[in-house]
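Residue strings, one per chain:
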Amino acid sequence: MKRIFSGMLLLAAVAALPRAATAADAANGEKLAKRWCAACHVVATDQKSGNTQVAPFSVIAQMPGFDAAKLALYLLTPHPKMPDMSLSRAEAADLAAFIVTQGH
Ligand code: HEC
């Protein structure tokens, strides 16, 4: 009985995985962006100034070949010019989802 139960738990967990990976939360991404990214990037239209050397998110979202999945991956790999923010996969996906909304 116990084995069947844990087997079912495992199945449920596996079934939930792809959904968790795609259900990015742009609203949470906005909060994260304002906390972690706004020192350098202009992250939203209501932000007046950032570092002028750095692309605003509205520009990043309109770059050719822009893609939320690629962006999330980019955010998970350390970059020399950007501090390593040790984002979780979910945080990176949320940030990418938010940046997408800035391109419209
Ligand atoms: C300390 C300043 C700093 C912070 C904080 C910062 N960035 Fe950046 N970011 C940069 C710089 C500088 C570049 C340009 C890198 C380059 O030219 O190689 C960059 C580039 C990028 C790019 C790629 C743009 C391109 O040209 O391809 C993305 C996407 C990005 N940042 C997202 C973010 C996100 C999301 C956050 C917050 C989690 C963040 N950045 C926080 C400085 C920063």
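The notes below deal with the structure included here. From a predicted model like this one, the values you see are computed outputs, not experimental measurements.

Here we take up helix H5 (residues 89-101). Relative to the 18 Å expected for 13 residues at 1.5 Å per residue, H5 spans 19 Å between its end C-alpha atoms, a close match to the ideal helical length. Along H5, the residues classified as buried are Ala 92, Ala 93, Asp 94, Leu 95, Ala 96, Ala 97, Phe 98 and Ile 99. Structurally, H5 contributes buried residues whose contacts are with helix H2 (26-36), helix H3 (57-60) and helix H4 (68-76).

This model, assessed by the stated rule, comprises one salt bridge. Residue Lys 34 pairs with Glu 30 through a salt bridge whose shortest N-O separation is 2.8 Å. Of the two residues, Lys 34 and Glu 30 both sit in helix H2, four residues apart, roughly one turn of that helix. With relative accessibility at 39%, the residue Lys 34 sits in the partly exposed group. Given the relative accessible area of 29%, Glu 30 is considered partly exposed.

Around the ligand sit 17 residues, and of these Cys 37, Cys 40, His 41, Leu 71 and Met 82 come closest. Contact between the ligand and His 41: a nitrogen atom at 2.8 Å from a side-chain N or O atom of the residue. Here the ligand is seated within the largest pocket. Looking at the shell around the ligand, the elements that each hand over two or more residues are H3, H4 and H5. The greatest single-element share of the shell around the ligand, amounting to three residues, is contributed by H4. Its residues assigned to classes, the shell around the ligand shows 15 nonpolar, one polar and one charged.

This part takes up the packing of H2 against H5. The contact between H2 and H5 brings their axes to 7 Å, and the two run at 95°. In terms of orientation, H2 lies roughly perpendicular with respect to H5. Counted together, Ala 26, Asn 28, Gly 29, Glu 30, Leu 32 and Ala 33 of H2 and Glu 91, Asp 94, Leu 95, Ala 97, Phe 98 and Thr 101 of H5 form the full contact between these two elements. When the residues that make up the contact of H2 with H5 are grouped by side-chain class, the tally is six nonpolar, three polar and three charged.

For the rest of this paragraph, the subject is unusual backbone geometry. Unusually for a residue other than glycine, Ser 86 sits at a positive phi of about 45°. The topology assignment puts Ser 86 in the loop between H4 and H5. Accessibility expressed as a relative area gives 60% for Ser 86, which makes it exposed.

Definitions and cut-offs
- Residue indices begin from 1 for each chain and proceed along its sequence in written order.
- Owing to the predicted nature of the model, reporting of local features is limited to residues with pLDDT of at least 70; listing and counting of side-chain atom pairs is limited to 80 or more, with chain, interface and lining totals taken over all residues.
- Only hydrogens and water are set aside; all other atoms, that is, all heavy atoms of the structure, feed into the side-chain values.
- Here a strand is any run of E in DSSP of at least two residues, a helix any run of H or I of at least four, and the numbering for each starts at the N terminus.
- Helix span, as expected, comes to 1.5 Å for every residue beyond the first.
- Using a 1.4 Å probe on the protein chains alone, a residue whose accessible area is under 20% of its type maximum counts as buried, one over 50% counts as exposed, and one in between counts as partly exposed.
- Throughout, a residue-residue contact means that at least one pair of heavy atoms, one from each residue, lies within 4.5 Å.
- Here a salt bridge means any side-chain nitrogen of Lys or Arg lying within 4 Å of a carboxyl oxygen belonging to Asp or Glu.
- Being near a molecule or strand, for a residue, comes down to having at least one heavy atom within 4 Å of it.
- Polar contact criterion, stated in full: a pair of N or O atoms within 3.5 Å, where within protein one must be able to donate a hydrogen and the other to accept it, and residues adjacent in sequence count only if both atoms are side-chain atoms.
- In this analysis a 1.4 Å probe is tested at points of a 1 Å grid over the protein atoms alone, and where it fits but cannot get out there is a cavity; an open set with protein on both sides within 12 Å along at least five of seven lines is a pocket; lining residues have an atom within 4 Å of a point.
- Each molecule is assigned to a cavity or pocket provided more than half of its atoms lie within 2 Å of the corresponding grid points.
- By the convention adopted, Pro, Cys, Tyr, Trp, Phe, Met, Ile, Leu, Val and Ala count as nonpolar, Lys, Arg, Asp and Glu as charged, and the other residues, Gly among them, as polar.
- Note on geometry: axes are lines fitted to C-alpha atoms, helical ones only across the stretch in contact, with angles between N-to-C directions running from 0 to 180 degrees.
- In this scheme, roughly parallel covers angles under 35 degrees and roughly antiparallel covers those over 145, while 65 to 115 is roughly perpendicular and the rest are oblique.

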